[in-house]
Amino acid sequence: MGGKEKKEITPRRRFFTDMAHHIGLGAMGVLLLGGYATKAKSSPLTLRPPAALPEDDFLKTCIKCGLCAQACANRPQNRDVNGKQLPGTIKMAKAGDKATIGTPFFTPRDVPCYMCDDIPCVPACPTEALDITKVTNPKTGELDIRQMKMGVAVVDVHSCIAYWGLQCDACYRACPLLDEAIKLKYDRNSRTGKHAFLKPEVNTDICTGCGLCEKACVTEKPAIYVLPTEVALGKVGEHYVKGWDTKDQQRIKKRNLKDITTHDERSKKKPLDYLNNGLGL
Ligand code: SF4
Ligand code: SF4
Ligand code: SF4
């Protein structure tokens, strides 16, 4: 066949075409300007949709079009037995919500993310504020929901009833990454002498932050809940190196060894060495 090869219609291109048809180019310009100009910050606890850019970049890139929320709400699984559409995971913030007005966010205790295999919310984004490369397996080029990092689940061990010794594995059973993102740790209950604790523990490397555990938690206020990764996790700093991890050792090969503290070096010191250093003795 002669002629030019038909160009692929990307979601971004489709969006601009559709918007131009619906509201006209002038109005679209105003809308885009409004989206890019926003400087307002959301609460640091705001959970964004899958594959969102870091918050500052997200706010500059998201044009508040709501296509991600629409794709989420319209996914075929999101219907009750009578075929009625249920509320989607992603909401667009209104006045009073803890997110910049008009931007997408989600609240797992209300509606968690169901970790759809085809992740329809992400390719729906026309501006790449939801960055599809973050959820694409680099080897196969296929979408991979396990790469999502919307946040990370943390357990409040004081209000989790499994830590009291009561039988509960609601969060463990609800997790789509069963026995990977949450494991139950067996401990002997020395209080009764004949029972066991089965304590949920989250593997933060595997947890996607979907919040299905938070939704399933049986306590009045959830004892397991999702926080943005930067809020939930600490950071050891570049100069600490895992002495047992060859990858981590390669990371510092080119750096000045004086700056590095390894686990092995620290373990040679005795408590008094630290005290004496601190007191200048
Ligand atoms: S992956 Fe989560 S946020 Fe995206 S469409 Fe599915 S349920 Fe909605
Ligand atoms: S689809 Fe993209 S640009 Fe539109 S509201 Fe969602 S994140 Fe923002
Ligand atoms: S947020 Fe909860 S349910 Fe989702 S992957 Fe993490 S531990 Fe599992």
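None of the values given here were measured: they were computed from a predicted structure. (Residues numbered from 1 in each chain as written. Chains lettered and ligands numbered in written order. Predicted model: local features only at pLDDT ≥ 70, side-chain atom pairs only at ≥ 80, totals over all residues.)

**A few points about the overall build of the chain**
When helices and strands are counted, the chain shows nine helices and eight strands. Classification of the 281 residues of the chain by burial places 25% in the buried group. Put simply, of all contacts in the chain between residues at least 6 apart along the chain, 64% involve residues at least 24 apart. (Helix = DSSP H or I, 4+ residues; strand = E, 2+ residues; numbered from the N terminus. Buried ≥ 20, exposed ≤ 12 C-beta atoms within 10 Å, placed from the backbone. Contact = placed C-beta atoms within 7 Å.)

**Description of unusual backbone geometry**
A positive phi is found at A51, a non-glycine position, where the angle reads about 65°. Relative to the assigned elements, A51 resides in the loop between α1 (11-37) and α2 (55-61). With a phi close to 50°, M115 is a non-glycine residue in the positive phi region. On the secondary structure map, M115 appears in the loop between β2 (104-105) and β3 (152-155). What makes M115 partly exposed here is the crowd of 19 C-beta atoms within 10 Å.

**Thoughts on the site of ligand 3**
Taken together, 15 residues surround ligand 3, and among them C175, A181, C207, C210 and C213 come closest. In terms of residue class, the shell around ligand 3 is made up of 12 nonpolar, three polar and no charged. (Near = placed C-beta within 6 Å. Nonpolar A, V, L, I, M, F, W, Y, C, P; charged D, E, K, R; others polar.)

**Digging into the site of ligand 1**
Contacts to ligand 1 come from 15 residues, most closely from C72, T89, C113, C116 and C121. Looking at side-chain class alone, the shell around ligand 1 contains 12 nonpolar, two polar and one charged residues.

**Details of the confidence of the model for the chain**
For the chain, mean pLDDT is 83; residues scoring 70 or higher make up 75% of the total. Segment residues 19-39 is flagged for pLDDT under 50; beyond a separation of four residues in sequence, or across chains, it makes 12 contacts in the model. (pLDDT = per-residue confidence, 0-100.)

**Some thoughts on the environment of R191**
If you trace the backbone, R191 turns up in the loop between β4 (182-189) and β5 (195-202). You can call R191 exposed: it has 9 C-beta atoms within 10 Å. For the pair R191 and G165, spaced 26 residues apart in sequence, the C-alpha to C-alpha distance is 9.3 Å.

**Here we look at the nonpolar core**
If you look at soluble globular proteins, the nonpolar side chains tend to sit buried side by side. Judged by nonpolar contacts, the single largest core of 48 residues is most densely connected at C68, C121, L130, A153, C213 and I224. Looking at this core, the elements that each hand over two or more residues are α2, α3 (67-73), β3, α4 (170-174), α5 (212-216) and β6 (224-227). The dominant element in this core, judged by the number of residues it contributes, is α3, at five residues. The residues that make up this core include at least three from each of domain 1 (9-149) and domain 2 (151-233). (Core = buried A, V, L, I, M, F, W, Y, C linked by C-beta atoms within 7 Å. Domains from an automatic or database assignment.)

**Details of the environment of K91**
Assignment of secondary structure puts K91 in strand β1 (residues 91-92). Each C-alpha atom of the pair K91 and R48 lies 9.7 Å from the other, and the pair is 43 residues apart in sequence. For K91, the contacting residues outside a window of four places in its chain are A69, P104, F105 and F106.

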